[in-house]
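Understanding the architecture of this molecule
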Amino acid sequence: MSEHLNNPLCQLTIKNKIAYVALNRPQKLNALNMSMFYAIKKVIRRIKKDRSLRVVILHANGDDFCSGLDIKSVMQRPVNAFKLLWKWWPGNANLAQIVSVGWRQLKVPVVVCVHGRCWGGGLQIALGADFIYCTADASFSIMESRWGLIPDMGGTVSLREKVKLDNAMALAMTADEFSAQQALEFGIVSKICGDPVKEASFFAEQLKQKSPDALASIKKLYHKAWHKNDGSILAAETWLQWKIFLGNNRKIAVKKQLGKTDEDYR
Amino acid sequence: MSEHLNNPLCQLTIKNKIAYVALNRPQKLNALNMSMFYAIKKVIRRIKKDRSLRVVILHANGDDFCSGLDIKSVMQRPVNAFKLLWKWWPGNANLAQIVSVGWRQLKVPVVVCVHGRCWGGGLQIALGADFIYCTADASFSIMESRWGLIPDMGGTVSLREKVKLDNAMALAMTADEFSAQQALEFGIVSKICGDPVKEASFFAEQLKQKSPDALASIKKLYHKAWHKNDGSILAAETWLQWKIFLGNNRKIAVKKQLGKTDEDYR
Amino acid sequence: MSEHLNNPLCQLTIKNKIAYVALNRPQKLNALNMSMFYAIKKVIRRIKKDRSLRVVILHANGDDFCSGLDIKSVMQRPVNAFKLLWKWWPGNANLAQIVSVGWRQLKVPVVVCVHGRCWGGGLQIALGADFIYCTADASFSIMESRWGLIPDMGGTVSLREKVKLDNAMALAMTADEFSAQQALEFGIVSKICGDPVKEASFFAEQLKQKSPDALASIKKLYHKAWHKNDGSILAAETWLQWKIFLGNNRKIAVKKQLGKTDEDYR
């Protein structure tokens, strides 16, 4: 029922078709060194291949979600900047970006559970999830400008779908810390809760009642819809619906809804 | 002064240049059967041709706005799925979509007045309007995923202009019911009021004081602006303004504003 | 330390690398005549050339920010409409638009400080800034439809990044006046404060601690991100970050952050 992928820095536990992913470098506030980038990328790839998984819950061990880049560790070797930023094609995600947009590219819904510090690269990773749940004492920051940099880990892709431009610009330019309550008001956070992982698990169970085809298509449709023209949306709606009609999961969903089956989706 | 188009399922009443459209299948909670799809499409086409109309107010008879697709009725004949989804060109609206985006394509402002249940296809239709007014006891749901489907009736086109992505995704994935107050907070609803049709009529009278050329151009400009690049907006602003300058209604508007005429717009 | 550009209608004062721009036609509520359009355009061009400037604060002398177009003055000569609307290329900004989007095209952050009336063309100008601060008694209106026109001064470019479509459409169609509090709730205004210019100066000092390369790149990235597809954002993030890496200001920012220098950015 439960399976572990024991990378020490990013742990994957699978339980009842839910993938629990834990950032695990608590003694360093889960700051991102090179090994952690690779570990997260590997876990995302592992989840992508496993078609039995239905929801991902990303959280962190220790007192903080992630305090950002472990600059000392990463900058020990200048070649690391190249490793993080290198890409074969401009529109692709490089190593720094894949740990954020990688969650977005999964077909299943991803909930991230934030507590403590969620700064810089940590916030970029969280933004890659579909839903951000956090504790009331969580602390956020788009911190890159403190080091003369811009946020370049892909989080902007999602920020624009939730936050109005002037607020986003002020946060990125000042690099100010902001609270869970402010994050909720800005639109970054979906929900503040006492125990985000518990709440996310509850939400995941609810989502598991629904056809994975429908969930994947909604995620795909909405990611497209928020940035494309009207015609593209009308086309995508119909195309995705046809594909759902041809699959089996729709029929199972109907039977489930009518209370006629306990069958699992495929 | 008042004119009726007596389709039994979708009634059109024209009064003082305002088109009142009523969904009328109250014994079935205004659920959508095939005849109703055709009736709504026909009314939209009728309104599009009538250049004397200035505002559309869409509402429903009975206890509910519309409880969604009448699945039993529609699925009696499998060919109906084809009739709803068929389109000649991917970016076109099919029958299922035209009952929503059809309102959007009208040159005049459209206000929808919701009360009671506004679920599934009902919500998709409402989303096609420019403004959603509702009673405090209205109930909403993006219900399609209960049947293993995605919302595919064009409502997503408008949802993206009002709701942040995580909220929209949660609503579509869970198919949860939500209240008028929640709909207001999510951004779906423009206003909660005791008597939406009365409020909409008041708003319509206010809009009728303005030049129909200006209203049509604002609707067109803003629909474009929310999804296009900066250059397209600058071009559209100037192009539409030139066309207004060449028309007569601008001059009438100036005279009206200065209290020098009671003349009607053309 | 302080320098003046003494155009009587649009005054530029430079102080500690901050450009203070004041609309100055107080006896006419700062209404826009042709000379004022040219004066604002000239100041924007002047600021664009001065690479030592770090932040712009736009405000107005007298009791109001700007009551809109001085229609009587502008319409004395019909050729003025041509001068305002003429452009060489559809996607370019004409004279009417450059006084709004011109602020947007500057590399430095622009804060506008609004008090009193901010109507029609005045609001369009304010929308061109990155941040709108206003007093609690400020009054706003998208006023163009009162004269049978559409808002065509480029403000729509920014409106779409902050306001949901139904609210924007209602404001533009009715031309209703709305309060500072409503403007905040609609998302138009970033902050209501007792003394906007003082608050903006404080904010500017905060921004001056950051690398101008980072601020310019954040402004550019976010303007692009809010309207482009995912791939364009991933490309822009990486491209802009590389350019920052090759500059000197990043190194100065790191030293500043570590408390190792008081050196100015270049």
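All of these numbers come straight from a predicted model, not from anything done at the bench. (Residues numbered from 1 in each chain as written. Chains lettered and ligands numbered in written order. Predicted model: local features only at pLDDT ≥ 70, side-chain atom pairs only at ≥ 80, totals over all residues. Heavy atoms only, no water.)

A few points about the side chain of Lys-219 of chain B
Mapped onto the elements of the fold, Lys-219 of chain B is located in helix 10 (residues 212-225). Using a relative accessible area of 2% as the deciding quantity, one classes Lys-219 of chain B as buried. Engagement of the side chain of Lys-219 of chain B in a polar contact is seen with the side chain of Asp-130 of chain B, the distance being 2.8 Å. With residues near it in sequence (within four places) discarded, Lys-219 of chain B still touches Trp-103, Arg-104, Leu-106, Lys-107, Val-108, Pro-109, Val-110 and Asp-130 of chain B together with Met-169 and Met-173 of chain C. (Helix = DSSP H or I, 4+ residues; strand = E, 2+ residues; numbered from the N terminus. Buried < 20%, exposed > 50% of the residue type's maximum accessible area, 1.4 Å probe, protein only. Polar contact = N/O pair within 3.5 Å; in protein donor to acceptor, adjacent residues only side chain to side chain. Contact = heavy atoms within 4.5 Å.)

Describing helix 1 (residues 34-49) of chain C
Under the 1.5 Å per step criterion, the end-to-end length of helix 1 of chain C is 23 Å for 16 residues, consistent within 8% with the ideal 22 Å. Looking at helix 1 of chain C, one finds that the buried residues are Met-34, Met-36, Phe-37, Ala-39, Ile-40, Val-43, Ile-44 and Ile-47 of chain C. (Expected span 1.5 Å × (residues − 1).)

Re the interface of chain B and chain C
The partner chain C presents 41 residues to the 43 residues of chain B that form the contact. In total, chain B and chain C occlude about 3700 Å² of area from one another, counting both sides; carbon and sulfur atoms represent 69% of this. Broken down residue by residue, the surface that chain B buries against chain C is led by Tyr-222, Trp-226 and Leu-234 of chain B, which jointly contribute 19%. Run the count over chain B and chain C and you get two salt bridges. (Buried area = accessible area lost by both parts, 1.4 Å probe. Salt bridge = Lys/Arg side-chain N within 4 Å of Asp/Glu carboxyl O.)

Comments concerning the environment of Gly-116 of chain C
For Gly-116 of chain C, the location among the structural elements is in the loop between strand 5 (110-114) and strand 6 (117-119). Distance in space between the C-alpha atoms of Gly-116 of chain C and Gln-209 of chain C is 32 Å, their sequence separation being 93 residues.

Re the sheet that holds strand 9 (residues 177-179) of chain B
Hydrogen bonds between backbone atoms are what pair the strands of a sheet, whose relative direction is either parallel or antiparallel. Residues and elements named next belong to chain B. Here we have three strands laid out as an open sheet, ordered 6-8-9, and mixed in their pairing. The strands lining the two open edges of the sheet, one partner per strand, are strand 6 (117-119) and strand 9. For this sheet the average axis-to-axis angle between neighbouring strands, irrespective of direction, equals 25°. Relative to strand 8 (residues 139-141), strand 6 is paired through three bridges, and the arrangement is parallel. Looking across to strand 8, one finds that Cys-118 is bridged to Phe-140. (Pairing = 2+ DSSP bridges. Axes fitted to C-alpha atoms, helices over the stretch in contact; angles between N-to-C directions.)

Details of the sheet that holds strand 6 of chain C
Residues and elements named next belong to chain C. Read from one edge to the other, the open sheet built from three strands follows the order 6-8-9, with strand pairing classed as mixed. Of all strands in the sheet, those with a lone pairing partner are strand 6 and strand 9 (177-179), marking the two edges. Taking the axes of each pair of neighbouring strands and ignoring which way they run, one obtains an average angle of 25° across the sheet.

Some remarks on the environment of Asp-213 of chain C
All names here are of chain C. Looking at where Asp-213 falls in the secondary structure, it is placed in helix 10 (residues 212-225). Judged by its relative accessible area of 26%, Asp-213 is partly exposed. On a C-alpha basis, the gap between Asp-213 and Lys-224 in space is 16 Å, while along the polypeptide they are 11 residues apart. Non-local contacts of Asp-213, meaning those with residues more than four positions away in its chain, are made with Ile-244 and Asn-249.

Structural notes on the interface of chain A and chain C
The interface of chain A with chain C comprises 41 residues on the first partner and 43 residues on the second. If you sort the residues of chain A by the area they bury against chain C, Ile-150, Leu-165 and Met-173 of chain A come out on top, with a joint share of 20%. For the pair chain A and chain C, the number of links is two salt bridges. For the salt bridge of Arg-104 of chain A with Asp-230 of chain C, the shortest nitrogen-to-oxygen distance reads 3.1 Å. At the level of elements, helix 3 (79-85), helix 4 (95-105), helix 6 (155-159) and helix 7 (165-174) of chain A are the ones that each hand at least two residues to the side of chain A that touches chain C. At eight residues, helix 7 of chain A tops the list of elements feeding residues into the side of chain A that touches chain C.

Coordinates in, geometry out; function isn't part of it.
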